[in-house]
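Residue-level structural notes
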Protein chains: 2
Amino acid sequence: MSELAGYKGRSLKLLEDFHVKVGDTVQITTKGDSAAFSDNYAGIIMPRYENADDKHVVLKVDSGYNIAIELGRIDKISAMEQKPTKNEKSEQKIKADSKLPKLLLLSTGGTIASKIDYRTGAVTPTLTAEELNNSIPELAEIANIETEVLFSEYSENIMPNHWLEIANKIKNVIQEDNGYHGIIVAHGTDTMHYTSSFLSFSLAGCPIPIALVGSQRSSDRASSDAALNLIGATEFLVKCKTNGIYVVMHQDENDEVIACHLGTRVRKNHTSKRGAFQTIGGDPAFLIINNQIHNNKKTDFFSNNKFEPKIALDEKVALVKYYPGFDPEILQNYIQKEYKAIIFEGTGLGHVGKNMYSIIKSANEKDIFIGMTSQCIDGRVSMTVYESGRDLLNLGIIPLEDMIPEVALTKAMWAAGNSKNSQEIKKIMLNKIASEISK
Amino acid sequence: MSELAGYKGRSLKLLEDFHVKVGDTVQITTKGDSAAFSDNYAGIIMPRYENADDKHVVLKVDSGYNIAIELGRIDKISAMEQKPTKNEKSEQKIKADSKLPKLLLLSTGGTIASKIDYRTGAVTPTLTAEELNNSIPELAEIANIETEVLFSEYSENIMPNHWLEIANKIKNVIQEDNGYHGIIVAHGTDTMHYTSSFLSFSLAGCPIPIALVGSQRSSDRASSDAALNLIGATEFLVKCKTNGIYVVMHQDENDEVIACHLGTRVRKNHTSKRGAFQTIGGDPAFLIINNQIHNNKKTDFFSNNKFEPKIALDEKVALVKYYPGFDPEILQNYIQKEYKAIIFEGTGLGHVGKNMYSIIKSANEKDIFIGMTSQCIDGRVSMTVYESGRDLLNLGIIPLEDMIPEVALTKAMWAAGNSKNSQEIKKIMLNKIASEISK
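Quick caveat, the model's predicted, so the values are computed rather than measured. (Residues numbered from 1 in each chain as written. Chains lettered and ligands numbered in written order. Predicted model: local features only at pLDDT ≥ 70, side-chain atom pairs only at ≥ 80, totals over all residues. Heavy atoms only, no water.)

A few points about the overall build of chain A
We apply this condition: What counts as a helix is a DSSP run of H or I of at least four residues, what counts as a strand is a run of E of at least two, and both are numbered from the N terminus. Working definition: with a 1.4 Å probe on protein chains only, accessible area under 20% of the residue-type maximum means buried, over 50% means exposed, and in between means partly exposed.
When its secondary structure is counted, chain A shows eleven helices and 21 strands. Looking at chain A as a whole, 60% of its 439 residues qualify as buried.

Section: the interface of chain A and chain B
Note the cut-off: Pairs of residues are marked as contacts when any of their non-hydrogen atoms sit within 4.5 Å. Here the quantity called buried area is the total loss of accessible area, with a 1.4 Å probe, experienced by two parts when brought into contact, counted for both. In the sections that follow, a salt bridge refers to a side-chain nitrogen of Lys or Arg positioned within 4 Å of a carboxyl oxygen of Asp or Glu. Residues adjacent in sequence count toward polar contacts only when both atoms are side-chain atoms; beyond that, a polar contact is any pair of N or O atoms within 3.5 Å, and within protein one must be able to donate a hydrogen and the other to accept it. Lys, Arg, Asp and Glu make up the charged group, whereas Ala, Val, Leu, Ile, Met, Phe, Trp, Tyr, Cys and Pro make up the nonpolar group; the residues left over, Gly among them, are polar.
On the side of chain B, 63 residues touch chain A, which itself brings 62 residues to the contact. Each partner contributes to the roughly 5100 Å² buried at the junction of chain A and chain B, and carbon and sulfur atoms together form 49% of this total. Of all residues in chain A, Thr 271, Tyr 323 and Pro 324 of chain A bury the most surface against chain B, accounting for 14% of the area lost on that side. Taken together, the links from chain A to chain B amount to ten salt bridges. Where chain A packs against chain B, one counts 32 residue pairs in polar contact (both at pLDDT 80 or more). Secondary-structure elements contributing two or more residues to the side of chain A that touches chain B are helix 4 (160-176), strand 14 (266-268), strand 18 (317-321), helix 7 (330-336), helix 9 (387-394) and helix 10 (405-417) of chain A. Of all the elements, strand 18 of chain A adds the most residues to the side of chain A that touches chain B, at four residues. A per-class count over the side of chain A that touches chain B returns 24 nonpolar, 21 polar and 17 charged.

Notes on the nonpolar core
Condition: Put simply, buried Ala, Val, Leu, Ile, Met, Phe, Trp, Tyr and Cys residues joined by side-chain atoms within 4.5 Å make one nonpolar core.
Within the largest apolar cluster, 234 residues are counted, with the highest numbers of intra-cluster contacts made by Phe 344 of chain A together with Phe 344 of chain B. When sequence neighbours within four positions are dropped, the list of residues in contact with Phe 344 of chain B reads Val 320, Leu 331, Val 352, Met 356, Ile 360, Ile 370, Gly 371, Met 372, Thr 373 and Ile 397 of chain B.

Overview of the environment of Ile 437 of chain B
Residue and element names in this part refer to chain B. Assignment of secondary structure puts Ile 437 in the segment after helix 11 (422-430). A residue is classified by how much of its surface remains accessible, and Ile 437, at 8% relative accessible area, is buried. Residues Ile 437 and Ile 343, spaced 94 residues apart in sequence, show a C-alpha to C-alpha distance of 15 Å. What Ile 437 contacts, discounting residues up to four positions off in sequence, is Arg 380, Glu 401, Asp 402, Met 403, Met 429, Leu 430 and Lys 432.

Observations concerning the relation of the copies chain A and chain B
The following threshold applies: The copies were overlaid with a least-squares fit restricted to C-alpha atoms from residues scoring a pLDDT of at least 70 in each copy.
For the pair chain A and chain B, the superposition axis carries a translation of 0.1 Å, the fit reaches an RMSD of 0.2 Å, and the rotation angle comes to 180°. Within this description, the copies of the chain are treated as partners about a two-fold rotation axis. Most of the interface of chain A is mirrored in chain B: 100% of its interface residues are interface residues there too.

Section: the pairing of strand 2 (residues 40-45) of chain A
Convention followed: DSSP calls a pair of strands paired once it identifies at least 2 bridges connecting them.
Here strand 1 (residues 25-30) of chain A pairs with strand 2 of chain A via five bridges, running antiparallel. Note on strand 2 of chain A: the bridge partner recorded for Val 26 of chain A is Gly 43 of chain A.

Considerations on the sheet that holds strand 20 (residues 369-374) of chain A
Residues and elements named next belong to chain A. The criterion, for reference: Helix axes are fitted only over the stretch in contact, all axes being lines through C-alpha atoms; the angle between N-to-C directions runs from 0 to 180 degrees.
Ordered by their spatial adjacency, four strands build an open sheet running 18-19-20-21, and the pairing between neighbours is parallel. The open sheet terminates on both sides in strands that have one partner only, identified here as strand 18 and strand 21 (398-399). Two strands pair when backbone bridges link them, and strand 20 and strand 21 are joined in this way by two bridges, in the parallel orientation. When the bridges of strand 21 are listed, Met 372 appears paired with Pro 399. Set on the sheet, helix 11 (residues 422-430) makes contact with strand 19 (341-346), strand 20 and strand 21; between it and strand 20 the angle comes to about 30°.

Remarks on the environment of Asn 418 of chain A
Residues and elements named next belong to chain A. Mapping Asn 418 onto the fold places it in the loop between helix 10 and helix 11. On the basis of relative accessibility, which here comes to 27%, the residue Asn 418 falls in the partly exposed class. Put simply, Asn 418 and Leu 287 are 131 residues apart on the chain and 34 Å apart in space, counted from C-alpha to C-alpha.

As for the pattern of salt bridges
All names here are of chain A. One pass over the structure, following the stated rule, counts 42 salt bridges over all chains. The shortest N-O distance in the salt bridge between Glu 235 and Lys 239 comes to 2.6 Å. Remark: Lys 239 and Glu 235 occur in helix 6 (residues 226-239); sequence separation between them is four residues, near one turn of the helix. Taking relative accessible area as the criterion, Glu 235 reaches 7% and is therefore assigned buried. Connected via shared salt-bridge partners are Arg 265, Arg 380, Glu 401 and Asp 402.

Some points on the state of the cysteines
Among covalent bonds in proteins, the disulfide is the one between the sulfur atoms of two cysteines. All names here are of chain B. As a reminder of what qualifies: The definition used for a disulfide is geometric: two cysteine sulfur atoms within 2.5 Å.
A full pass over the atoms with the stated rule returns zero disulfides over all chains. In this model Cys 206 remains outside any disulfide bridge; the closest cysteine sulfur is found in Cys 240, 11 Å from its own. For Cys 206, a relative accessible area of 0% corresponds to the buried category. The thiol of Cys 240 is not disulfide-bonded; the next cysteine sulfur, from Cys 260, is found 7.9 Å away. With relative accessibility at 9%, the residue Cys 240 sits in the buried group.

Topic: helix 8 (residues 357-365) of chain B
All names here are of chain B. Cut-off, in case you're wondering: By construction, the arc corresponds to the directions joining the helix axis to the C-beta atoms.
Of the residues making up helix 8, those classed as buried are Tyr 357, Ile 359, Ile 360 and Ala 363. Each buried residue of helix 8 lies within a common arc of 165° when the element is viewed along its axis, so the set occupies one face. Along helix 8, exposed side chains directed more than 90 degrees from the buried face belong to Ser 358 and Glu 365. Positive backbone phi, at 65°, marks Asp 367, one or two positions downstream of helix 8.

Observations concerning the packing of aromatic side chains
Note the following rule: We call Phe, Tyr and Trp rings a pair once their centres come within 6.5 Å, taking the six-membered ring for Trp, and we label the pair stacked below 30 degrees between planes, edge-to-face above 60, and tilted otherwise. Should the NZ of a Lys or the CZ of an Arg lie within 6 Å of a ring centre and within 35 degrees of the ring normal, that charge is described as sitting over the ring.
The final tally for this structure, using the stated rule, is 20 aromatic pairs over all chains. Ring geometry for Tyr 322 of chain B versus Phe 326 of chain B: centroids 6.4 Å apart, planes at 50°, classification tilted. Judged by its relative accessible area of 1%, Tyr 322 of chain B is buried. Here a set of aromatic residues connected by ring pairs shows up, and it is made of Phe 236, Tyr 246, Phe 286, Phe 301 and Phe 302 of chain A. One residue, Lys 102 of chain B, lies across the ring of Tyr 180 of chain B, its end atom 4.7 Å from the ring centre.

What about helix 9 of chain A?
Residues and elements named next belong to chain A. Restricting attention to buried positions, one finds in helix 9 the residues Glu 387, Ser 388, Gly 389 and Leu 392. Buried residues along helix 9 sit in contact with helix 8 (357-365) and strand 20. Immediately downstream of helix 9, the backbone of Gly 396 shows phi near 100°, a positive value.

Concerning the sheet that holds strand 10 (residues 180-186) of chain A
Residue and element names in this part refer to chain A. The strand order across the open sheet formed by eight strands is 9-6-10-11-12-13-16-17, and the pairing between neighbours is mixed. The two strands at the open ends of the sheet, each matched to only one other strand, are strand 9 (144-149) and strand 17 (292-295). Taking each pair of neighbouring strands and ignoring which way they run, the sheet shows an average axis angle of 25°. As paired elements, strand 10 and strand 11 (residues 209-213) share four bridges and run parallel to each other. Of the residues in strand 11, the one forming a bridge with Val 185 is Leu 212.

Overview of unusual backbone geometry
A positive phi is found at Asn 290 of chain A, a non-glycine position, where the angle reads about 50°. The backbone phi angle of Lys 241 of chain B is positive, close to 55°, even though this residue is not glycine. Relative to the helices and strands, Lys 241 of chain B is located in the loop between helix 6 (226-239) and strand 12 (244-250).

With respect to the packing of helix 10 of chain A against helix 11 of chain A
Residue and element names in this part refer to chain A. Applied cut-off: Working rule for angles: under 35 degrees goes down as roughly parallel, over 145 as roughly antiparallel, 65 to 115 as roughly perpendicular, anything else as oblique. For any pair of crossing helices, the crossing counts as left-handed if the nearer helix is rotated counterclockwise from the farther one by less than a right angle, and right-handed if it is rotated clockwise.
Remark: helix 10 packs on helix 11, axes separated minimally by 9 Å, with the N-to-C direction vectors making an angle of 135°. Here helix 10 is positioned oblique relative to helix 11, judged by the angle of their axes. Regarding helix 10 and helix 11, the two cross each other, and that crossing is right-handed. Across from Ala 408, Lys 411, Ala 412, Trp 414, Ala 415 and Ala 416 in helix 10, the residues of helix 11 making contact are Ile 425, Ile 428 and Met 429. Of the residues contributing to the contact of helix 10 with helix 11, the split by class is eight nonpolar, no polar and one charged.

Overview of the pairing of strand 16 (residues 286-289) of chain B
Residues and elements named next belong to chain B. Inspection of the sheet shows strand 13 (residues 257-262) paired to strand 16 by four bridges, in the antiparallel sense. Bridge assignment links Ala 259 to a residue of strand 16, and that residue is Leu 287. In this sheet, strand 17 (residues 292-295) lies alongside strand 16 in antiparallel orientation, the contact comprising four bridges. Following the sheet pairing, Leu 287 is matched in strand 17 by His 294.

Things to note about the environment of Ile 44 of chain B
Residue and element names in this part refer to chain B. Here Ile 44 shows up in strand 2 (residues 40-45). The class of Ile 44 is buried, set by a relative accessible area of 15%. Sequence separation between Ile 44 and Lys 241 is 197 residues; the distance between their C-alpha atoms is 43 Å.

So this is what it looks like as structure tokens:
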């Protein structure tokens, strides 16, 4: 971690002037021009993100909150306790224990992929094996973890090209046969379930377990779930005796249960809770309780355990959520852009309004695969119950069972990348590959 | 109910030839050309929907399932028990009990809005007060229910214009002051929560309670929830002593608990379960258990109880679900079509990828209101936690607290219909009107 991580320009100069650095406990005296704030702030200087402005110094105060103090208000910064600099610090080099299983940790970004400094609670974006083992000593007792930074992106910025990069990396690692027992993919939580489902299809039959792990609370908060999720994933990969792609996160608000969700049946269902990820329509495949694994899974993750990676996709696939007032003409764009597939998030059992019929007919005539999922999220589409559903079937829409809309999207991108026409896409979409359809 | 409801052409002629009608218990003998099916089917002749083909006769068999038998296979239909025809049947005319409170039932379509014939389980699309009271005798013991058919649409075909029609009807009824204690709106379930939220805004301050009621299982199934939901809504309106817009449905699979959800905090979260509707982020406002009302609600439904109906909307509002690979150019259409507002279903705390920034900037410059909700559905957006959120705030996106995406859509349509520019829309969107924002 850089001693002045993220500070630049004026803010960097100020810290240098007062001979303080990230991690130091300091007192900042302000010019006191506002009665609403006290004139002194005690706290630890926090690192800043790369794109942060140069107009503030951020302090972690006793309450655990971070506050940003504008440079113009700062009169003086006095060091109360200096953090040892890198050279002074006696870093314990944790030795690999050859009797323990070997895991690979691939870091893609997000809070989880960052080094956690327990003193400052600070997050820094690079991660080496040593730093990881130093920050979460429990890990080294379970497995030898080798790490590699693939890229460093918040998951809202992860694009289908990143999925390909992760999938190719895992494919190569497995084909090189380096003796890894499993692979952890550290990933931001926002789109972790999109990535896990893409990996599930593109790495079908993958012989070792893959665990995507994130953290819901940034590591600079006392309630961070980063360390426990990583420990849970490590336990899981070492002990699960199965393969497949999983998302490993807190089961709920407490720290006792870590849930391992099927990578194609999971969704982020809460913006901020630690137990935000949920298996849709069932229990998590595994639970880790007090270092013990509880298996709820009755069947293999993959329908076929022969490893046949197909790392390709076509981004010309749209996920379209229908709602009253939805303008059918919007779909004309997808037709003009020669999209390969449209996945509807219909209402209820899989419906859209009659005003959509004409554009759906046009899309169908252009050999665009049109699949139906439900915005209800839970439950199966069933398009023979009501006339609307039967009308849509007649227009060529393919009901996608109980596939989660986001999973149907990634599967369709993958299917389109591996198909020549809508009939081939249809065949792939209806073929259960990686537990994406229940029953 | 017509004696040959829905039958036409060849199928109508066949029933007439064998002197049988809808509701009769019959035995159908087929030509037995397929070994997979038996040659005799016993069951009750079911009515058919208006747009059904004329090639089948539909029987409700003992298992409770409906089967369609192709005309070409039918050799003979023998009546085993004839349903009394209308004239023979001694219809009990239920008299209004002047001591009971008066309710209005507006029917808009969907399964619930249809007459339920307990014998055939058949559904017919028109509903008179007498028919209703005859089919669910419990209702007449709770209230005097007057009914009116507004229109008859499956709810996937309900459009914003229908919302206006319902809202105007309710506004007029209330302003005429006819002494109604409350109003039931029978509605298909697919988009019931969109309608309930639009009514919540457009009828702000509405002095009497409104209950939207649907049924998840069509009434020709033994597990139908139609009658119990209607009884629950009637109990609720008579006893709740409050105002507001509610969705009244089964709480779960059993018949003991009916839940009354706030009309702006509810979502259809399962395609088929009877307990498909859930209050997001909390308990239902009221529960009806054994005819008793349990109130979980701490505050008034409306922020202001002065009845100020504003029945207007502008459909130029889009709900846009972001996902990895979403094509930013699609938004160009909304800009070109001079949309008034775009509501994002972002990821996590309210994010979209960096590749969206440029188009969002363009939309903002065209005075389009851009609001952010989360596709997590549950939880609050919070756009100051991560850089992505702060970037989006700088681009002019307005975080919409914990408003459900569908509710943010209807509110924005309503706000756009009552505003001159994006600043006015913003002011309305951030002003809590009808419990749409928690806390």
